[in-house]
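Here are the chains, one letter per residue:
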2 protein chains.
Amino acid sequence: MKRILLCLLFISHLASADDGYRLWLKYNLIKDVPKREAYARSAQFIALTGTSPILKSAAEELQTGLQGLLGKTVPIIANAGNRTGGIVLTNASGADVQTLTKEGYKLASRKGSNITVSGKTDSGVLYGVFALLRQLQTGQAIDNLSLAGNPKIQYRLLNHWDNTNGTIERGYAGESLWKWYELPATVDPRYRDYARANASLGINGTVVNNVNASARFLTAEYIEKVATLANVFRPYGIRIYLSVYFPAPKVIGGLKTADPLDPEVKKWWADKTNEIYKLIPDFGGFLVKANSEGEPGPQDYRRNHADGANMLAEALAPYDGIVMWRAFVYKADPKSDRFKAAHEEFTPLDGQFDKKVIVQVKNGPIDFQPREPFSPLFGNMPKTPLSMEFQVTQEYTGFATHWVYEAPIFKECLETDTYVKGKGSTVAKVIDGSLHQYTMTAIAGVANTGTDRNWTGNSMAQANWYAYGRLAWDHTLSSENIADEWVKMTLTSEPKAVKTITDLMMRSREIYVDYNTPLGLSRPWSGVHFAPEPWQEKSVRPDWTAIYYHRADSIGLGFDRTATGSNALAQYRPEVQKQWNNPETCPLPYLLWFHHVPWTKKLSTGRTLWDELCTRFYTGADSVGWMQKQWAQVESAVDPVIFADVTGRLATQHKEAIWWRDSWVLYLQTYSKQPIPAPFKKPDRTLEDVKALSEIYKLR
Amino acid sequence: MKRILLCLLFISHLASADDGYRLWLKYNLIKDVPKREAYARSAQFIALTGTSPILKSAAEELQTGLQGLLGKTVPIIANAGNRTGGIVLTNASGADVQTLTKEGYKLASRKGSNITVSGKTDSGVLYGVFALLRQLQTGQAIDNLSLAGNPKIQYRLLNHWDNTNGTIERGYAGESLWKWYELPATVDPRYRDYARANASLGINGTVVNNVNASARFLTAEYIEKVATLANVFRPYGIRIYLSVYFPAPKVIGGLKTADPLDPEVKKWWADKTNEIYKLIPDFGGFLVKANSEGEPGPQDYRRNHADGANMLAEALAPYDGIVMWRAFVYKADPKSDRFKAAHEEFTPLDGQFDKKVIVQVKNGPIDFQPREPFSPLFGNMPKTPLSMEFQVTQEYTGFATHWVYEAPIFKECLETDTYVKGKGSTVAKVIDGSLHQYTMTAIAGVANTGTDRNWTGNSMAQANWYAYGRLAWDHTLSSENIADEWVKMTLTSEPKAVKTITDLMMRSREIYVDYNTPLGLSRPWSGVHFAPEPWQEKSVRPDWTAIYYHRADSIGLGFDRTATGSNALAQYRPEVQKQWNNPETCPLPYLLWFHHVPWTKKLSTGRTLWDELCTRFYTGADSVGWMQKQWAQVESAVDPVIFADVTGRLATQHKEAIWWRDSWVLYLQTYSKQPIPAPFKKPDRTLEDVKALSEIYKLR
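Residues numbered from 1 in each chain as written. Chains lettered and ligands numbered in written order. Predicted model: local features only at pLDDT ≥ 70, side-chain atom pairs only at ≥ 80, totals over all residues. Heavy atoms only, no water.

Draft legend 1. Just the nonpolar core, in detail. Counting 462 residues, the largest nonpolar core has Leu-89, Phe-233 and Trp-631 of chain A together with Leu-89, Phe-233 and Trp-631 of chain B as the members making the most contacts within it. Sequence-distant contacts of Leu-89 of chain A, defined by excluding residues within four places in its chain, comprise Ile-46, Ala-47, Leu-48, Thr-49, Ala-58, Ala-59, Leu-62, Val-117, Val-125 and Val-129 of chain A. (Core = buried A, V, L, I, M, F, W, Y, C linked by side-chain atoms within 4.5 Å. Buried < 20%, exposed > 50% of the residue type's maximum accessible area, 1.4 Å probe, protein only. Contact = heavy atoms within 4.5 Å.)

See below:
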């Protein structure tokens, strides 16, 4: 009888497959033996002078990293003495570190000596350790190291839009990481891994609760919970911040008002701030969404944003904390242009804010669209530190099923020239303070993390967390280089696969724009922000409809923001206006942001608007097919579980890209009255079909 | 200079610590070498006759288990031939398996021969494999095995109250396991581990969506997603079911009505059912919450529950699926007693339901309280199969911070005598069909699973999933034995620690009842169902207030359900009434369920009602301190991560137990006007303090 050996030893999720939890801190054994041995010869010990919690974190992380990469336990010793061939961590103060800023680091090595990782502060050493590990993880030489790094921005934060009940507003990767019902007594080990991941990027602060804030976080009960998180984050150089609910003095303080000029209100905030600092001595400060999308604020008492922000700044005066006051405001006025709202409301207040206040501005004037022109506030608040708010979570970029590498979005904004002090006045120079000599500088990323095992739902979205953090540290890094680093640390070191994947990443955002919002279209989404619904014309507010933005009619498409329209362009400097205010020369990516263009208008591509739109929608959706093919090529170079997961997501992305393309072209066709141009095939479904499909995703 | 070796090799969450993911299927290497070697001698191969997916799952699971337990790869071969010393899996049909029912299994072994795992069906073999693994995991001998197992109940289901947006109604362990946005293309490996865990208990069905159902699940878009889950579950003998939104024919079918007697509506359901079966040939059927807590249903069209259920049964007639129609109904009538509602509405319909309908009844008449008398429907629907709905998730038992082992709750109900056919007519005999010769039998557990790494938030709550599943298979198992098994498989085999932990588990429910709802108190919770708020007197419905249930006044406490009151007791048989209708002899756990008792009334304990209440509240809260001490003793015997996690949760439980005790006694004292009896100290806070504390947890 034939005995067939069914060797089915099954690869369980429980087994050794890569579930993505370790992010870019994988520390897998380096397979290149000569390289590994060379590294090992330079890493025979870790000498640590000092015993502070942050230095301890640095040494432990280095030990953990070396354990994984080199496959051996490198001892931590108190002092190198005369020994060589090791790594020396020092919080130094001599000439060596003169060029460093507070959190900067320096890596230096010479053959026959030690590798030194130095900083002016413990945090600097910690960042240096991660920089050294990054060298090893990406296979760089460490023989003649001479690397220094200084952060260009002072406050580098994540903003978590996490609610008390564990849900995350615009989260697509599971529940909130913070288990409020279990804190303070139960400390999820994951909190520490969160801190490690952020510290590895140089992120030094985190706002743990939603900007649509609950007053819970200012109660003694919750401050104790928050303090427990702060205790976990502190050894990683991360300070904790809270979003505050402006009427908290009424809601939990029992006062009759929350008027920022009321003495009792001021006292309440001062006392509350004092209470927080007793438990969290390095508390970072407050983030505020006020008089925005229905949230209460100082205007409820006929005060302005500066009154509100300054009152909180006063409460923080005795401490090191700051106020981050959001400029995301707009009125439900059908006649106005939402584009202009923040500029109109905030520029008159320039110079009126307390020195502890930073005004936090979203990159674009609307709301985290796949492509937006930069917010006209940048450059126009010279006396008020402005911080940048980027969105890392993919609210408008396909949730967890669309692969969109966001570094190009961030870079595009940072590198745009505002011209406010002549050529070269980039947004980055506003944000890093060099343009207006801001006394404080800050940047915030709306986090894409959740309790999904791989943190970000789509494991490719880990790259967006990574890229945000790296750019927050140094906005001059290129998107390509960041992608290359991330791929090597996270997915594979196989050169061809690295190239293929970084190439995919670099093209991903333009592909998404093409099938979703080409040529400067924006905000076709209703409440769910998933599938575009360009037909959406009813909402409780006019500026929450799709037609408000695209303005399709029988003549053409797009929002006229020139002098003949809303004249929002006037909020920019003339040099910027010049680039965008002529529909003949306006770069195509911004065309419909600023112009209502006839369907039959011939564009610089030689095609009419309608034909160009169709070309973009179709080639965008087709390009997801290209992404699938490219991804298929890296199968042998990446972990099988991650490979399968991304393969599945790309299949969904392709299906949805075609659906979303169809939604747009079928809807716009009712205005353009033109056929789908060759060689593209008209959708094999009707406008009613795609509408019905969208409706499914809105059923409770 | 002194060199101190700081050997800080840090135990990362990333490393080998036990994160609880593997549940009771840990398969850690057996440390007792002689035992392991003895097992290994009997497990030299796995012989598998047959190639069905379920048999393949069985063989793979056995191989995985043996790999872990014995530390060696046991080959799977097609046929044992003359070989001995192995394990033979067979779907048999001979005399051997005559005593088995469809899903039953038999384990047999003799020295010098093979271990045989047989069943009449592939599922039987699968369950037999898990039974064999359980023998090994709990250290039992396998030399002279002769074990048979037949499930006492036919349909053994989990009910997931999971929403389309990933939230879980009454979930305390993260987000929904089902990633609807990613399905069908992305298949989370966790789906399979979910199926494995359930199959190990004999659970053979799962309802994947909330009973407050979305019509999404009946769209083609979602049926495809559901079918993908069904494909993962099928090789583990698990069928998929859907909760349905009764007005779906209107909402997604475009019909004008959802009247169950309307021919178009009937046709719509028939077509929809056919569509489902095309993709899911073994689809299990529909679960329905209708005309209950605001959900629409047949009564909206002047039809009754039977009309609604029978219409769906008719749609399922060509297939193997069934209808599970929930009996959880009650009217917002301040004069009626919610206790009586389900009996009043359903018993008149006995005999009117289609043969494909099971009526699903919660264990008690109100709603999953820490202790309830059994629902008076049990025994009173002899012509209608009734299924039991237990709640595994801890909606009313302290979420994820209170350790409550629920087997005693389930057992207490199952073993209660309804007396409907004389003494011995237990609820279990209703449910297993033996009392009324039901043609179908079913049981459902409202799941406590979520995306938390350890599945259940509190890792001790894994035992509730386990216990529910084991009792669903065999309700005669004792709570102690189930606890003993679970501890050995999940936490430790160290005998003293096993004893300590099982003892903790066995006492945990009474302790919780003591500090929360002693002597038959119930439902002191407002919407959040977290901290008791006995003062809560306003709601949109009278039966959603706390005072509706406890009826505290200057005279006494409790709900008179005797003939002088609501007379709900009349819904039970005289023998049951006799036990409960005399306040002098009514067992204390049920006292305030049925009687309004004066504060000064002396109870069988020799204490007055007030003093007895205080004694229970105080000793209950104190006992959590005892739990902490007991748990501290097992530190060396359990994994350090799990130990720390449970330690933290117990600290929170203790704090909350004292808070909740204080809420009750301070509030009731305003009626009893009596002091806290010695030796208990009066709370060191006021009623206003505890009210304020509760309010915190209701802020958005």
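Next comes the rest of the write-up.
Draft legend 2. A look at the domain arrangement of chain A. Residue and element names in this part refer to chain A. Splitting chain A by domain gives domain 1 (20-148), domain 2 (155-215 + 239-250 + 260-271 + 285-483) and domain 3 (513-559 + 596-697). The gap between the C-alpha centroids of domain 1 and domain 2 is 32 Å. Taken together, the contact pairs 14 residues of domain 1 with 20 residues of domain 2. Its largest share of buried area at the contact with domain 2, domain 1 owes to Tyr-21, Leu-23 and Trp-24, together 46% of the area lost on that side. Across the contact surface, domain 1 and domain 2 share three salt bridges. Across the salt bridge formed by Glu-103 and Arg-156, the nearest N and O atoms sit 2.9 Å from each other. Applying the counting rule to domain 1 against domain 2 returns eight residue pairs in polar contact (both at pLDDT 80 or more). (Domains from an automatic or database assignment. Buried area = accessible area lost by both parts, 1.4 Å probe. Salt bridge = Lys/Arg side-chain N within 4 Å of Asp/Glu carboxyl O. Polar contact = N/O pair within 3.5 Å; in protein donor to acceptor, adjacent residues only side chain to side chain.)

Draft legend 3. Layout of the packing of aromatic side chains. Under the definition given, this model contains 108 aromatic pairs over all chains. Three or more aromatic residues link up through ring pairs in this structure, and these residues are Tyr-172, Phe-399, Phe-530, Trp-659, Trp-660 and Tyr-697 of chain A together with Trp-180, Tyr-181, Phe-217 and Tyr-222 of chain B. The side chain of Arg-551 of chain A reaches across the aromatic face of Tyr-548 of chain A, ending 5.0 Å from its centre. Over the ring of Phe-328 of chain B we find Lys-362 of chain B; its NZ or CZ atom is 3.2 Å from the centre of that ring. (Phe/Tyr/Trp six-rings, centres within 6.5 Å; stacked < 30°, edge-to-face > 60°. Lys NZ or Arg CZ within 6 Å of the ring centre and 35° of its normal.)

Draft legend 4. Molecular detail of the sheet that holds strand E8 (residues 205-207) of chain A. Residue and element names in this part refer to chain A. Pairing is parallel around the closed barrel formed by eight strands, whose spatial order is E7-E8-E9-E10-E11-E12-E13-E14. Each strand of the sheet is rotated relative to its neighbour by a mean of 25°, with strand direction disregarded. Relative to strand E13 (residues 386-391), strand E12 (residues 357-362) runs parallel, the two sharing four bridges. Along E13, the bridge assignment pairs Val-361 with Met-388. Each of strand E9 (239-244), strand E10 (285-288), strand E11 (322-326) and E12 touches helix H8 (residues 305-316); the most contacted strand, E11, lies at about 160° to it. (Pairing = 2+ DSSP bridges. Helix = DSSP H or I, 4+ residues; strand = E, 2+ residues; numbered from the N terminus. Axes fitted to C-alpha atoms, helices over the stretch in contact; angles between N-to-C directions.)

Draft legend 5. Representation of the pattern of salt bridges. This structure, assessed with the given rule, holds 86 salt bridges over all chains. Residue Asp-320 of chain A is joined to Arg-239 of chain A by a salt bridge in which the shortest nitrogen-to-oxygen separation is 3.2 Å. One end of the pair, Asp-320 of chain A, is in the loop between H8 and E11; the other, Arg-239 of chain A, is in strand E9, and 81 residues separate them in sequence. You can call Asp-320 of chain A exposed: its relative accessible area is 51%. Arg-239 of chain A sits in the buried class, given a relative accessible area of 16%. Note that Asp-367 of chain A and Lys-362 of chain A form a salt bridge whose closest N and O atoms lie 2.7 Å from each other. Like Lys-362 of chain A, Asp-367 of chain A is buried. A cluster of three or more residues bridged by salt bridges with shared partners is formed by Asp-19 and Arg-453 of chain A together with Asp-19 and Arg-453 of chain B.

Draft legend 6. Broad picture of the interface of chain A and chain B. At the junction of the two partners, chain A supplies 78 residues and chain B supplies 78 residues. For the chain A and chain B pair, buried surface summed over both sides reaches about 6,600 Å², with 58% attributable to carbon and sulfur atoms. Summed over the shared surface of chain A and chain B, the result is 10 salt bridges. Summed over the shared surface of chain A and chain B, the number is 22 residue pairs in polar contact (both at pLDDT 80 or more).

Draft legend 7. Fine view of the packing of helix H18 (residues 609-632) of chain A against helix H19 (residues 640-672) of chain A. Residues and elements named next belong to chain A. Contact geometry of H18 with H19 gives a least axis separation of 9 Å together with a crossing angle of 170°. The orientation of H18 with respect to H19, classified from their angle, is roughly antiparallel. For the contact of H18 with H19, a count of residues per class yields 20 nonpolar, seven polar and one charged. (Parallel < 35°, antiparallel > 145°, perpendicular 65-115°, else oblique. Nonpolar A, V, L, I, M, F, W, Y, C, P; charged D, E, K, R; others polar.)

Draft legend 8. Spotlight on the side chain of Gln-462 of chain B. Position of Gln-462 of chain B among the secondary structure elements: in helix H12 (residues 462-473). For Gln-462 of chain B, a relative accessible area of 1% corresponds to the buried category.

Draft legend 9. Inspection of the relation of the copies chain A and chain B at higher detail. Overlay of chain A on chain B (RMSD 0.0 Å): rotation 180°, translation along the axis 0.0 Å. In the structure described here, the two chain copies are related by an operation that fits a two-fold rotation axis. Ranked by how close their C-alpha atoms come to the rotation axis, the residues of chain A are headed by Glu-175 of chain A, at 2.9 Å. The share of interface residues of chain A whose copies in chain B are also at the interface is 100%, consistent with both copies meeting through the same surface. (Least-squares fit on C-alpha atoms with pLDDT ≥ 70 in both.)

Draft legend 10. Fine view of the sheet that holds strand E2 (residues 76-77) of chain B. Residue and element names in this part refer to chain B. One open sheet accounts for six strands, arranged E2-E1-E3-E5-E4-E6; its pairing is mixed. Strand pairing shows two members of the sheet lacking a second neighbour, E2 and strand E6 (146-149), which therefore form its edges. Inspection of the sheet shows strand E1 (residues 46-48) paired to E2 by two bridges, in the parallel sense. From the neighbouring strand, Ile-46 faces E2, where its bridge partner is Ile-76. Together, E1, E2 and strand E3 (87-91) form the strand contacts of helix H2 (residues 53-70), whose direction differs from that of E1 by roughly 175°. Each of E3, strand E4 (105-109), strand E5 (115-119) and E6 is contacted by helix H3 (residues 122-137), which is oriented at about 50° to E4, the strand it contacts most.

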